[in-house]
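# Secondary and tertiary structure notes
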Amino acid sequence: MRDIGAGFGYLVKGQRWAAGHGRSLGSGLLPGLITLVLYAGALIGLAYGADDVAGWATPFADGWSSPWLGLFRGFLTVLVFALGLFLAVISFTAVTLLVGQPFYEKLSADVDRAESGGAAPESGLPLWRELWISARDSLRVLVRVAFYGIVLFGLGFVPVIGQSVIPAIGFCVTGFFLAEELTAVALQRRGMELRPRLALLRSRRLLVLGFGVPLALAFVVPLVAVFLMPGAVAGATLMVRDLLGESDGSGEDGSDANRSDADGSAADAEVGAAGAAPAPFRAP
């Protein structure tokens with residue numbers, strides 16, 4: 001369970017890092033604002049049309065008497081909107097990272113330089129190639145997410161667990177794939193493809209969930225995702241350094257983000273110990 005706390009610690013430290021670097025924070029906010037406007041319009045349209053989708057999908061219920069028809073289709077309307085929100089939370093990160101690829105690449109590299117004393121891994125690929133790889137991998141991730149979303153949507157009809165256990169599982173799935181999209185910024189600069197990236201994250205699931213699940217919960221709140229994105233990218237880069245055994249606790253960025261108090265120092269020591277011997281890859 002220690003990894004869960006360590007994962008959340010990287011999320012907090014990433015936000016602190018971004019807050020201590022105003023220029024990186026400012027440039028990192030713009031892609032999120034653009035994407036937010038697009039997604040807000042899509043969700044508003046879904047909210048108005050979800051009842052029509054529920055009616056179209058259940059013609060067999062047209063003859064049901066009141067109040068059962070209204071209750072049944074009302075429940076389906078909520079589920080349709082919840083599924084749309086679930087997919088929006090996942091794809092928001094992918095789309096924002098694609099829109100803001102140059103900004104987030106630079107931010108992630110700045111974190112690496114601060115932590116390593118000046119060195120940052122570079123892919124050596126031209127920007128168009130990096131954008132293509134990012135879009136391709138994001139599409140592959142979204143296909144996986146859509147599959148899980150459909151399965152969880154169906155399980156939502158099961159009494160009791162559909163209203164308790166399934167939403168919790170949904171947030172875990174959301175958190176894992178959010179973490180995958182965010183860590184991809186740093187891992188792609190290290191030349192790592194999607195399959196080994198997933199294997200790496202699965203080797204430390206609790207660490208990844210400790211980072212991703214609180215972020216998924218926060219992203220449900222309007223506007224929060226925009227303001228957390230720069231810090232989330234920074235925190236994901238710090239977590240990547242742990243996963244790859246690159247953490248040495250010697251960050252030198254000169255900001256308050258690396259001047260921990262007593263509790264923060266203890267957390268850093270714990271995370272460093274966890275990252276000193278990373279688990280080997282497992283095939284996905």
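See the structure shown above.
Residues numbered from 1 in each chain as written. Predicted model: local features only at pLDDT ≥ 70, side-chain atom pairs only at ≥ 80, totals over all residues. Heavy atoms only, no water.

## A look at the packing of helix α1 (residues 2–19) against helix α9 (residues 224–243)
Packing of α1 against α9 leaves a shortest axis separation of 7 Å and a crossing angle of 125°. The orientation of α1 with respect to α9, classified from their angle, is oblique. Between α1 and α9 lies a crossing of right-handed hand. Each of Tyr-10, Lys-13, Gly-14, Gln-15, Trp-17 and Ala-18 in α1 lies in contact with α9, whose residues at this interface are Phe-227, Leu-228, Pro-230, Gly-231, Ala-232, Ala-234, Gly-235, Leu-238, Met-239 and Asp-242. The residue inventory of the contact of α1 with α9, partitioned by class, reads ten nonpolar, four polar and two charged. (Axes fitted to C-alpha atoms, helices over the stretch in contact; angles between N-to-C directions. Helix = DSSP H or I, 4+ residues; strand = E, 2+ residues; numbered from the N terminus. Parallel < 35°, antiparallel > 145°, perpendicular 65-115°, else oblique. Left-handed = near helix turned anticlockwise from the far one by under 90°. Contact = heavy atoms within 4.5 Å. Nonpolar A, V, L, I, M, F, W, Y, C, P; charged D, E, K, R; others polar.)

## Notes on the pattern of salt bridges
Within this structure, the stated rule accounts for 15 salt bridges. Across the pair Asp-112 and Arg-190 runs a salt bridge whose closest N-O atoms are separated by 2.9 Å. You can see Asp-112 sitting in helix α4 (residues 101–116) and its partner Arg-190 sitting in the loop between α6 (165–189) and α7 (194–202), a full 78 residues away along the chain. Arg-190 shares its class with Asp-112; the two are buried. As a salt-bridge pair, Arg-197 and Asp-137 come within 3.3 Å of each other at their nearest N and O atoms. (Salt bridge = Lys/Arg side-chain N within 4 Å of Asp/Glu carboxyl O. Buried < 20%, exposed > 50% of the residue type's maximum accessible area, 1.4 Å probe, protein only.)

## Focus: the layout of surface pockets
Computed from the structure, the largest pocket encloses a volume of approximately 450 Å³. Forming the boundary of the largest pocket are 18 residues, of which Ala-82, Leu-83, Phe-86, Pro-167 and Gly-170 lie nearest the centre. Top contributing element to the lining of the largest pocket by residue count: helix α3 (residues 68–99), with seven residues. Along the lines of polarity and charge, the residues of the lining of the largest pocket split into 13 nonpolar, five polar and no charged. (1 Å grid on protein atoms, 1.4 Å probe; cavity = no way out; pocket = protein on both sides within 12 Å on 5 of 7 lines; lining within 4 Å. Points joined across faces, edges and corners; volume = space filled by probe spheres on them.)

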